[in-house]
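# Observations on chain architecture
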Amino acid sequence: MIEEFTADADERMGKTIEAMQAAFARIRTGRAHPSLLDGIEVPYYGSDAPLNQVASISVEDARTLLVSPWERSLVPAIQKAILKSDLGITPAATQDVVRLPLPALTEENRRELARQARQEAEAARIAIRNIRRDAISDIRELLREKEVAQDDARRGEEAVQQVTDRRVKEVDQALEAKEADLMAV
């Protein structure tokens, strides 16, 4: 039973790390990457649709993204949605595609993006610690109800702590890699 709590905690912590890495992907570095546009939605036949469902997004060169909508009539809507987003990118539209030239990052921009990455990592660490707290609470509840022995409960808490330490280390490594990527000129 304690193994189930540990496995559940490990799985939930893994999902937290996946969410953090998705947030990292939205933080732009000096290079163009299609995941920069993940949060953008475009009005499409009366409802909002994610940009990647109404257009193909590709990397034209190291600093340019190319958005090719499935329908030409979407070009102005895509352009407007990108302008409204907080990416700080000015799209250049032609008749049937939208080009997104990414400006070079200044030192100040790099520091701001690194700060944003640290905030995402801290949020992930907090979520992991909350998951640890819940798992240990569940184990202690079993001990109070006399469903497990005290030694087993202690071993279970240690196992949850080991999983937590491993996952926090993964967060730190991912943050370190993202900061190095952001600060590379």
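What counts and how
Residues numbered from 1 in each chain as written. Predicted model: local features only at pLDDT ≥ 70, side-chain atom pairs only at ≥ 80, totals over all residues. Heavy atoms only, no water. Pairing = 2+ DSSP bridges. Helix = DSSP H or I, 4+ residues; strand = E, 2+ residues; numbered from the N terminus. Contact = heavy atoms within 4.5 Å. Axes fitted to C-alpha atoms, helices over the stretch in contact; angles between N-to-C directions. Buried < 20%, exposed > 50% of the residue type's maximum accessible area, 1.4 Å probe, protein only. Salt bridge = Lys/Arg side-chain N within 4 Å of Asp/Glu carboxyl O.

## Considering the sheet that holds strand E6 (residues 98-101)
One open sheet holds the four strands; their spatial order is E3-E4-E6-E5, and the pairing between them is antiparallel. If you trace the sheet from one side to the other, it starts and ends with strand E3 (55-61) and strand E5 (92-93), each paired once. Bridge analysis of strand E4 (residues 64-69) against E6 gives four bridges, and the strand direction is antiparallel. Residue pairing in the sheet places Leu66 in a bridge with Arg99 of E6. On top of the sheet, helix H3 (residues 75-84) reaches E3, E4, E5 and E6; it is set at about 25 degrees to E6, its chief contact.

## What to know about the pairing of E3
Pairing of E3 with E4, which is carried by six bridges, proceeds in the antiparallel orientation. Paired with Ser58 across the strands is Leu66, a residue of E4. Hairpin connection between E3 and E4: a loop of two residues separates the two successive antiparallel strands.

## A closer look at the side chain of Thr16
On the secondary structure map, Thr16 appears in helix H1 (residues 2-26). Classification of Thr16 as buried rests on a relative accessible area of 16%. Leave out the neighbours within four places in its chain, and Thr16 touches Ala124, Ala127, Ile128 and Ile131.

## Notes on the pattern of salt bridges
A full pass over the atoms with the stated rule returns 19 salt bridges. The residue Arg12 makes a salt bridge to Asp134 at a minimum N-O spacing of 3.6 Å. One end of the pair, Arg12, is in helix H1; the other, Asp134, is in helix H4 (residues 107-144), with 122 residues separating them in the sequence. With relative accessibility at 34%, the residue Arg12 sits in the partly exposed group. Of the charged contacts, one joins Glu122 and Arg129 as a salt bridge, the two residues approaching to 3.3 Å between their closest N and O atoms.

## Regarding the environment of Ala104
Along the chain, the position of Ala104 falls in the loop between E6 and H4. Accessibility expressed as a relative area gives 51% for Ala104, which makes it exposed. Each C-alpha atom of the pair Ala104 and Ala153 lies 54 Å from the other, and the pair is 49 residues apart in sequence.

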